[in-house]
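Chain and residue survey
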Amino acid sequence: MRATVEAMEELLDRAGGPGLLFDRDRFGPGDRAIRVSEVPSTVPLWIIGDLHGDLLALEAALAVIDGESAKSGAERPRIVFLGDFFDDEGYGLEVLLRVFELVLEAPECICVIAGNHDEALSYDGVHFASSVSPADFSDFLNAHVSHEWIERVGKTAVRFFTTAPRALFLPDGLLIAHAGFPLTDLHARLSASGDWNDPACLTDFTWTRAHPTARRKIPNRYSRGSQFGYEDFAAFCEVSRGLGRPVTHMVRGHDHVEERYAIYPAYRARPVLTTVALSRRLPREAFGPRERVPTLARYVEGSLAQVYRMHLPLALIDAVYPQVPEESVATPPNPERGP
């Protein structure tokens, strides 16, 4: 942990920035909605969605990527992470350290987009906090604040995600973001200013949710989790085209769909793919099987990304994420019945 944290701190201190994938396309260090100039067709580009502490799914995704690269003999693959590395139990610290290791091995091959859980993490010099729920990772950091290297992992994460991209605009019209796009109430302002780094726009890239069938949804600025419909996405595509960043399709995470990927039929004119890499049912997911089939996606120029489903052994998922039997959960004594 110490070696990884020290190396990440050094990388973030590097003059000119850390040099991650697509950093060269930023028009300045504060640009977090990056217009990508080129995606070489000879080098595979992979997209890994929400992990929420799922170290098993992360390692499975990396194994798939390595296996596909070995078969094709292609150059070292590039990976875009869609964020949300921690919270919802699991192994948030280990996932974060593993992603840091990947960044350190080849910064030019890794792009990390901040998710809403990543963006929500903060540090005031004494304690960590989060503006989203669940927030068990900030609780974990505060419980170990006396451990120098765990504390420094948290501080490095806050620093890293503060400047991380919120959206990528690829040359073929693909928009990549954790959640969505600037909603309709921002379109006039965005068209007039051309400021993709407007804080309200960055928030929508990171927090909005896709409604699978609705035509339009009214933005709710009392909540960061507003929804959008397929006509809202079409309207945004027109705005982006007028600003010289034509968008025709999108890959995102954020919504923990049961199949761990979704391609919504209502969006067929402008396709949207949701992909998440979660091998287990999260505590806040009320329905569906406990063991899931995580996914990752491979960029296909001019088309929606190709989805890979990772069928992990159920026994392995259960071993990594053991279920606590109900009878082992302590219950408070009933004063009428005695201790």
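Note that this is a predicted model, so its numbers are computed, not measured. (Residues numbered from 1 in each chain as written. Predicted model: local features only at pLDDT ≥ 70, side-chain atom pairs only at ≥ 80, totals over all residues. Heavy atoms only, no water.)

Examining helix 8 (residues 199-207)
Heads up, the condition is: Categorising residues by exposure relies on relative accessible area from a 1.4 Å probe, with only protein chains included: less than 20% of the type maximum marks a residue as buried, more than 50% marks it as exposed, and the intermediate range marks it as partly exposed. Secondary structure follows DSSP: runs of H or I at least 4 residues long count as helices, runs of E at least 2 residues long count as strands, and numbering of each begins at the N terminus. Whether two residues are in contact is decided by their heavy atoms, any of which lying within 4.5 Å being enough. Here a polar contact is taken to be a pair of N or O atoms separated by no more than 3.5 Å, where protein atoms must pair a possible hydrogen donor with a possible acceptor and residues adjacent in sequence count only if both atoms sit in side chains.
Every buried residue of helix 8 is accounted for by Cys-201, Leu-202, Asp-204, Phe-205, Thr-206 and Trp-207. On its buried face, helix 8 sits against strand 1 (33-35), helix 4 (116-120), strand 7 (167-169), strand 8 (174-177), helix 7 (187-193) and strand 9 (209-210). A distance of 2.9 Å separates the backbone nitrogen of Ala-200 from a side-chain oxygen at the start of helix 8, and that oxygen is part of Asp-198.

Digging into the side chain of Thr-208
Of note, Thr-208 is situated in the loop between helix 8 and strand 9. Given the relative accessible area of 0%, Thr-208 is considered buried. Thr-208 has contacts with Ala-179, Gly-180, Phe-181, Leu-183, Thr-203, Arg-224, Ser-226, Phe-228, Arg-252 and His-254, leaving out every residue within four places of it along the chain.

Description of the nonpolar core
Rule in force here: Take the buried Ala, Val, Leu, Ile, Met, Phe, Trp, Tyr and Cys residues and link them wherever side-chain atoms come within 4.5 Å; each set so joined is a nonpolar core.
Core analysis: the biggest nonpolar cluster contains 49 residues, and Ile-48, Leu-51, Phe-81, Phe-85, Leu-96, Val-112 and Phe-161 have the highest contact counts within it. Considering each element in turn, this core owes the most residues, 8 residues, to helix 3 (residues 92-105). Excluding anything up to four places from it in sequence, Leu-96 contacts Phe-85, Phe-86, Phe-137, Val-153, Ala-157 and Phe-161. Counting residues in hydrophobic clusters, the runner-up holds 26 residues, among them Ala-33, Cys-201, Leu-202 and Phe-233.

Looking at the packing of aromatic side chains
Which entries qualify depends on this criterion: Aromatic contacts are taken between Phe, Tyr and Trp rings whose centres are within 6.5 Å, Trp giving its six-membered ring; a plane angle under 30 degrees counts as stacked, one over 60 as edge-to-face, and the others as tilted. By definition, being over a ring means that NZ of Lys or CZ of Arg is both within 6 Å of the ring centre and within 35 degrees of the ring normal.
Taken as a whole and assessed by the stated rule, the structure comprises 19 aromatic pairs. Between Tyr-123 and Phe-128 the ring centres are 4.4 Å apart and the planes differ by 35°, which places this aromatic pair in the tilted class. With a relative accessible area of 23%, Tyr-123 lands in the partly exposed category. Members of the aromatic cluster, each reached through a chain of ring pairs, are Phe-169, Phe-181, Trp-196, Phe-205, Phe-228, Tyr-230, Phe-233, Phe-236, Tyr-264 and Tyr-267. The positively charged end of Arg-224 is found above the aromatic ring belonging to Trp-207, 3.8 Å away from the centroid. Over the face of the ring belonging to Phe-169 we find Arg-245, whose NZ or CZ atom lies 4.9 Å from the ring centre.

A short note on the sheet that holds strand 13 (residues 272-275)
This is how it is decided: Pairing between strands is defined by DSSP: at least two bridges between the two strands are required. Angles shown run from 0 to 180 degrees and are taken between the N-to-C directions of axes, each axis being a line fitted to C-alpha atoms and, for helices, limited to the stretch in contact.
Overall, mixed pairing links the 6 strands, which are arranged 1-7-8-11-13-12 in an open sheet. Strand pairing shows two members of the sheet lacking a second neighbour, strand 1 and strand 12 (261-263), which therefore form its edges. Strand-to-strand twist in this sheet, taken as the mean axis angle between neighbours without regard to direction, amounts to 15°. With 3 bridges joining them, strand 1 and strand 7 adopt parallel strand pairing. Looking at strand 7, one finds that Arg-35 is bridged to Phe-169.

Considerations on the confidence of the model for the protein
Our working rule: Every residue is assigned a pLDDT by the predictor, reflecting its confidence on a scale from 0 to 100.
Across the protein, the average pLDDT comes to 94, with 95% of residues at or above 70. Scored below 50 in pLDDT, residues 327-339 shows 3 contacts in the model against residues more than four places distant or in partner chains.

What about the sheet that holds strand 14 (residues 295-298)?
Judged by pairing direction, the sheet is mixed, and its 5 strands sit side by side in the order 4-3-2-14-15 without closing on themselves. The strands lining the two open edges of the sheet, one partner per strand, are strand 4 (110-112) and strand 15 (306-309). Within this sheet the neighbouring strands show an average axis-to-axis angle of 20°, counted without direction. Of the pairings in the sheet, the one linking strand 14 to strand 15 comprises 4 bridges and is antiparallel in character. Along strand 15, the bridge assignment pairs Thr-295 with Arg-309. In the packing of helix 3 onto the sheet, contacts are made with strand 3 (78-81) and strand 4, and the angle to strand 4 comes to roughly 140°.

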